[in-house]
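# Coordinates in review
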Amino acid sequence: MNRRKFVYQTSGLALAAITAPAFAKFAMPKDKMDRLAMGTLLWRSQFRQTKPKGVTEIKDELTIMDLPQHHREKFGIKKLEFWSENIESFDEAYLTAVKGKIKSAGCELLDVQFDSSPFDHEGYDLANADEEKRKAGVAHVKKWMDGSAFLGSKCVRVNPGRPTGTVEQSIKSFQELLPYAKSKGLIIITANHFGIETDADKHVAIVKGVPGIYTEPDFGNYNGAPNMYESLAKIIPYAYIVSAKVVDFTKNADGKLEHTSYDFDKCVQLAESLGFKGTYMVAQWSGKWPAANITNDEIANWTIEHLKANIKA
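Described in the following lines is the structure provided in the data block. Residues take numbers from 1 onward in each chain, read along the sequence in its written order. Only residues with pLDDT of at least 70 are given local features in this predicted model, and only at 80 or more are side-chain atom pairs given and counted; all residues enter the totals for whole chains, interfaces and linings. Calculated side-chain values reflect all of the structure's heavy atoms, with hydrogen atoms and water omitted.

## A word on helix 6 (residues 228–235)
Which entries qualify depends on this criterion: Relative accessibility thresholds used throughout: buried, under 20% of the residue-type maximum; exposed, over 50%; partly exposed, between the two (1.4 Å probe, protein chains only). Starting at the N terminus, helices and strands are each numbered in turn, a helix being any DSSP run of H or I of at least four residues and a strand any DSSP run of E of at least two.
When you tally the buried positions in helix 6, you get 6 out of 8 residues, the bulk of the element. Those residues of helix 6 not exposed but buried are Met228, Tyr229, Ser231, Leu232, Ala233 and Ile235.

## Some words on the sheet that holds strand 6 (residues 155–157)
Stated formally: Whether two strands pair comes down to DSSP finding at least two bridges between them. Here an axis means a line fitted to C-alpha atoms, over the contact stretch when the element is a helix, while the angle between two N-to-C directions is reported on a 0 to 180 degree scale. Residues count as neighbours in contact if any of their non-hydrogen atoms are within 4.5 Å of one another.
Read from one edge to the other, the open sheet built from 8 strands follows the order 8-7-6-5-4-3-12-9, with strand pairing classed as parallel. Bordering the open sheet on either side are strand 8 (214–216) and strand 9 (241–246), each of which pairs with just one other strand. Neighbour to neighbour, the strand axes of the sheet diverge by 30 degrees on average, direction disregarded. Here strand 6 runs beside strand 7 (residues 187–191); their pairing, made up of 3 bridges, is parallel. Within strand 7, the position partnered with cysteine 155 by the bridge is isoleucine 187. Contacts from helix 8 (residues 296–310) reach strand 3 (36–39), strand 9 and strand 12 (279–284), with the element oriented near 150 degrees to strand 12.

## As for the pairing of strand 9
Buried residues dominate strand 9, accounting for 6 of its 6 residues. The sheet contact formed by strand 9 and strand 12 spans 6 bridges and is parallel. Within strand 12, the residue paired with valine 242 across the bridge is tyrosine 280.

Structure representation (structure tokens):
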């Protein structure tokens, strides 16, 4: 298959990437808002399960049930992402109620991120050299695929494995998971999250080793890395979703937000120049958060406006 080379130049730095056979193809929407999604991660301080330690009273508390209407009414966002930490149960009645809330708000569930959860702290490691532990991880992910499929999710974000594991074991796990995901109508995506895949070359090797799975490049998870933009350029051509995750902000003298962690606009421009046509996930994460004088609403609006200013739809 022919590959086309895209070159992105910014601040004197030339970044080159090659579009891969696995690069997801999308029809370009007429409205830029149709390329935006938003999940629970930015709002974690308003969820009982993920609020900061020591907080006893939550202002404007949210649950998964509230999220579809919240995002649609306040921000015009119709595509959603649920973090497993904010899902309360796999009970059928609960999942049915959540699914009903998504439908009644006129939204769609684009993705479920698999980490831990209030009712399931087992965890998983798909790259583990110990075969029994690897197989247990595969079984764990299948359980979450079942729940995600019931909710009607399009994608599932699955962690490729811990840094101590191997690319070969991760590939083996995804080769076992891909047919199961397809049988459930799910697309597997893998973010540069915390494990073996934080090495961009290993991340690419894993998705190339299992044609049919994709990356979810996460701007914020490369924050501060000396090779941040080079690493993004390697994994974006395999992307199905891009996590447009912001990190830290300050307010200037005029009271306007300034993102202080990395050049957000440059990251979006890079993704666009490399041919990404999919959905950008509005998200935020910082160990310093929440800030006393900056609200989640302000962060969401800043991110949405900067995405709209830089995407080409």
